[in-house]
Amino acid sequence: MSGLRQAKYGHGNCWVTKTSGIFGKFDRFLRETDKAMARIVYLATPWLPTGGHWLINCLLESGVKVSTYRCREKDWLVRDGRHYVGAYERFKSYIPAFSDNESFLFRDDVEVIWGHVFPYKHMLCNKVTVFTRDPRDALYLQYRREKDMVGAATYKDWLRWPFHESLLDAVDNWDIFHRLWLKHPSRFFCRYEDYKADARATFEQVLDHFGIEVAPERVEQALNRSSYERYLERQGRPLPAPGTQVMDFWRNREGEEECVAEIEKTAATVMRALGYELTVGKPAVAAPDIMPHMLLNPFFRDIAFGAPPGRVNAKGNLYIMKVIAFYRILQKKGLSETNEIYRECHTCRELLENMAAYIDNCNRVGIIR
């Protein structure tokens, strides 16, 4: 019973439990008010394998409602105050809690909204946890997922493929995503590497940042039910051998040194800010000005810390040159070299739509003719 309901109903040790008539109606009204007043916090992850589902599972097992940014209203089916998995079913293979629990009874004071999202303007007043991972590992793991879809012959080819929203290539997109989130006044960065080193401390830091109190025994249960070993067992997959490396995979990949160096060169400043050590050991190269690219891309209009109104100074801008170069490849080859699966997926359609709008703006301001 919430503090508001206690103040209205409480009298000594006596409680009004009537659920019909005027009191029943008032109780239902208070429940809806409490629901509407639930505090919103956000969990942001880059569009890459980061281990963020571990944190989502821990939150769910702790009684904290987690909904997705894109399908919040469809994720859950509510019956008799309990939440059953709805559209969230699409993540069932990644979130063991959906198989372990028939339904959930969530607390009503806070809701976590999760997504692969940039810092939109409406999030400025909310607390945000950004769950990320060393880009030298995360980018390669995403490449293994997508290489057949986009027809990328090599990892280096894939790194040049633009992200469907920002229209930045894979490394630039990782860099800008984190550069923008670093500017958010109430953000906390949580790294995959921290989770693997000390899962309990990492989860407790996230709860503390969000201002969510969870009983120690509930935290213990959530951690046990969210362990990677338990996840593998539920998937019917073999457990890793004792002493098997669980991070820094990039150190053991031969033939990818050039790609690692390119990632470090582009994202050095952000990587250092997040505590990742570099192998190159050279001073970070100053990043190009992102503002001209933002002004041309409608996607960034809703992004906090984005481009202010102004003229586009496109002369030699690296981001703009990359987009135009990719557009010309599309003009010449179309999507004939990409897999049918990718051509049919929503990210491909968004990429083509956003690219068309971007090129339109380039034509309008005279960058290309």
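For the structure itself, consult the block above.
What you see is a predicted model, and the numbers here were worked out from it, not measured in a lab.

Peer 1: Would you explain the sheet that holds strand 6 (residues 128–132) in this entry?
Peer 2: Whether parallel or antiparallel, the strands of a sheet pair through hydrogen bonds between backbone atoms. Pairing is parallel in the open sheet, where 5 strands are placed in the order 2-5-1-6-7. Strands at the two margins of the open sheet, each flanked by one partner only, are strand 2 (65–68) and strand 7 (187–191). When the angles between neighbouring strand axes are averaged without regard to direction, this sheet yields 25°. By the bridge criterion, 5 bridges tie strand 6 to strand 7 in an arrangement that is parallel. Paired with Thr132 across the strands is Arg191, a residue of strand 7. Across the face of the sheet, helix 8 (residues 170–181) comes into contact with strand 1 (39–44), strand 6 and strand 7 while running at roughly 155° to strand 6.

Peer 1: Would you mind going over the pairing of strand 4 (residues 82–85) with me for this structure?
Peer 2: Looking down a regular strand, the side chains alternate between one sheet face and the other. Where strand 3 (residues 76–79) meets strand 4, 4 bridges bridge the pair, whose relative direction is antiparallel. Note that in strand 4 the partner of Arg79 across the bridge is Arg82. Connecting the antiparallel pair strand 3 and strand 4 is a turn made up of 2 residues, with Asp80 showing a positive phi of about 55°.

Peer 1: How should I be thinking about the packing of aromatic side chains in this particular structure?
Peer 2: Given two aromatic rings, their pairing is described by the distance between the two centres and the angle made by the two planes. Across all of its chains, the model carries 25 aromatic pairs by this definition. With centroids separated by 6.4 Å and ring planes inclined at 75°, the aromatic side chains of Trp54 and Phe203 adopt a geometry described as edge-to-face. One end of the pair, Trp54, is in helix 3 (residues 52–61); the other, Phe203, is in helix 10 (residues 199–210), with 149 residues separating them in the sequence. Owing to a relative accessible area of 0%, Phe203 belongs among the buried residues under this scheme. When the ring of Tyr140 is compared with that of Tyr143, the centres are 5.7 Å apart and the planes differ by 50°; the resulting orientation is tilted. Here the residue Tyr140 and the residue Tyr143 both occupy positions in helix 6 (residues 135–150), the gap between them amounting to 3 residues, near one helical turn. Aromatic rings pair up to connect Trp76, Tyr88, Phe91, Phe98, Phe104, Phe106 and Trp114 into one cluster. Its end group placed over the ring of Tyr192, Arg133 keeps NZ or CZ at 3.7 Å from the ring centre.

The rules behind these values
- Numbering of residues begins from 1 in every chain and follows the order in which that chain's sequence is written.
- Given that this is a predicted model, residues contribute local features only at a pLDDT of at least 70 and side-chain atom pairs are listed and counted only at 80 or more, while totals for whole chains, interfaces and linings are drawn from all residues.
- The side-chain numbers reported here are obtained from all heavy atoms of the structure, hydrogens and water having been left aside.
- Note: two strands are recorded as paired if DSSP finds a minimum of 2 bridges between them.
- Numbering of helices and strands starts at the N terminus; helices are DSSP runs of H or I of at least 4 residues and strands are runs of E of at least 2.
- Note on geometry: axes are C-alpha line fits, over the in-contact stretch for helices, and angles between N-to-C directions span 0 to 180 degrees.
- Here a residue-residue contact requires only that any non-hydrogen atoms of the pair lie within 4.5 Å.
- Pairing of aromatic side chains requires ring centres within 6.5 Å, counting the rings of Phe and Tyr and the six-membered ring of Trp. Pairs whose planes differ by under 30 degrees are stacked, by over 60 edge-to-face, and all others tilted.
- Here the term buried applies to any residue with accessible area under 20% of the maximum for its type, exposed to any over 50%, and partly exposed to those in between, with areas from a 1.4 Å probe on protein chains only.
- Put simply, a charge is over a ring when the Lys NZ or the Arg CZ is close to the ring centre, within 6 Å, and near the line of the ring normal, within 35 degrees.

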